[in-house]
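# Summary of structural features
Here is what each chain is made of, one letter per residue.
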Amino acid sequence: MHSLRWYISVGFLMVGVGPLVFFGAQRISALFSTQNASIQQKHEPMAESLAQAIYGYLLDQTSALQSTASQVESDNDSGIPRLNDATFNPAHLNQELAAAHSAQPALLQLYVGNLKGRAVAAAPPAGVGVDYGDWNYVKDVLNPGRIGPKYSDVIRSKGDSSVAAVVIAVPILDTSRHLVGFLAGTVNLREVHGACEKADQ
């Protein structure tokens, strides 16, 4: 059995230290709440800025692809009316795509596909003949009822799994404004990665 002196000591300890522990816990809790709020306030604008940067970047690339598609449509030598013919000759269109590809460093690949989703011209030319018909962005862009730019999910570039990319596809129309195919570009997202890294520093 403890002595009376022991109980008095414990009583003084509880009276003197108890409030300090209680209020200390409150202070610590408030400190963490403040820190969490501060982190949230810091990162929310950062996330919003990055989202805007990515959105703006993809809009710029979409606009560039649409401009290239318009040039292809208006070039009589590109053979757009015969895009879906078995005898289509892609030589001139390959040259156009090569020029557009070299002028747009963000593009890893550029290709024109027919209504079946098969690439009939490409830069680099190794992409000719590849069947993209099963990809959702190709199915969407070839839907006559949903004319407009379409986007793939984020993918990994062939040959370099560290490079994330997005494919943007825009429709190609003939002079009668009928859908005859699509132009697609694989857009390198490394520039956006760089923006993210700078924002984290």
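Structure: above.
Now for a quick tour of the structure. (Residues numbered from 1 in each chain as written. Predicted model: local features only at pLDDT ≥ 70, side-chain atom pairs only at ≥ 80, totals over all residues. Heavy atoms only, no water.)

### Some points on the pairing of strand E6 (residues 179-188)
Within E6, 10 of the 10 residues are buried, which leaves the element mostly enclosed by the surrounding structure. Where strand E1 (residues 107-113) lies against E6, six bridges are found, and the strand directions are antiparallel. Bridging across to E6, leucine 107 finds its partner in valine 187. Pairing analysis gives nine bridges linking strand E5 (residues 164-173) to E6, with the strands arranged antiparallel. Directly across from leucine 173, in E6, lies its bridge partner leucine 179. In this antiparallel pair of consecutive strands, E5 and E6, the connection spans five residues, and arginine 177 shows a positive phi of 65 degrees. (Buried < 20%, exposed > 50% of the residue type's maximum accessible area, 1.4 Å probe, protein only. Helix = DSSP H or I, 4+ residues; strand = E, 2+ residues; numbered from the N terminus. Pairing = 2+ DSSP bridges.)

### A short note on the pairing of strand E2 (residues 119-123)
Burial runs high along E2: five of the five residues are buried. Direction of pairing for E1 relative to E2: antiparallel, over a ladder of four bridges. Its bridge partner being in E2, glycine 113 is matched across the sheet by alanine 119. Hairpin connection of E1 to E2: five residues between the antiparallel strands, including glycine 117 at a positive phi of 90 degrees.

### Thoughts on the pattern of salt bridges
In total, this model carries two salt bridges according to the counting rule given. Its salt-bridge partner being arginine 118, residue aspartate 131 comes within 3.9 Å of it at the nearest N-O pair. Of this pair, aspartate 131 sits in the loop between E2 and helix H3 (136-141) while arginine 118 sits in the loop between E1 and E2, and the two are 13 residues apart along the sequence. Given the relative accessible area of 39%, arginine 118 is considered partly exposed. Note that aspartate 140 and arginine 146 form a salt bridge whose closest N and O atoms lie 3.6 Å from each other. Note on aspartate 140: relative accessible area 25%, which makes it partly exposed. Residue arginine 146 is classed as partly exposed on the basis of its relative accessible area of 44%. (Salt bridge = Lys/Arg side-chain N within 4 Å of Asp/Glu carboxyl O.)

### Looking at the nonpolar core
Core analysis: the largest hydrophobic core is formed by 27 residues, its most contacted members being Leu65, Leu83, Leu93, Leu97, Leu110, Val112 and Leu183. Mapped by element, the contributors of at least two residues to this core are helix H1 (4-74), helix H2 (91-103), E1, E2, E5 and E6. Residues in contact with leucine 93, not counting those within four places in the same chain, are Val72, Ser78, Leu83, Phe88, Val112 and Ala121. Core analysis: the next-biggest nonpolar cluster, separate from the first, contains 14 residues, Tyr111, Tyr132, Leu179 and Phe182 among them. (Core = buried A, V, L, I, M, F, W, Y, C linked by side-chain atoms within 4.5 Å. Contact = heavy atoms within 4.5 Å.)

### Overview of a nonpolar patch on the surface
The grouping of Tyr55, Leu59 and Tyr151 at the surface amounts to a nonpolar patch, some 330 Å² of accessible area in total. Checked against the element boundaries, leucine 59 lands in helix H1. (Patch = residues over 30% accessible without salt bridge, like charges linked within 9 Å, V, L, I, M, F, W, Y side chains within 5 Å. Areas by Shrake-Rupley, 256 points an atom, 1.4 Å probe, with all protein chains shown as cover.)

### Examining the packing of aromatic side chains
The full count for this structure, using the stated rule, is three aromatic pairs. Each ring, one from tyrosine 111 and one from tyrosine 132, has its centre 4.2 Å from the other, and the planes form 10 degrees; the classification is stacked. On the criterion of sequence distance, the pair formed by tyrosine 111 in strand E1 and tyrosine 132 in the loop between E2 and H3 is long-range, its members being 21 residues apart. Of the two residues, tyrosine 111 and tyrosine 132, neither departs from the other in class, the shared state being buried. Note on tyrosine 111 and phenylalanine 182: the rings are 6.2 Å apart at their centroids and 85 degrees apart in plane angle, and the pair reads as edge-to-face. Of the two residues, tyrosine 111 sits in strand E1 while phenylalanine 182 sits in strand E6, which places them 71 residues apart along the sequence. (Phe/Tyr/Trp six-rings, centres within 6.5 Å; stacked < 30°, edge-to-face > 60°.)

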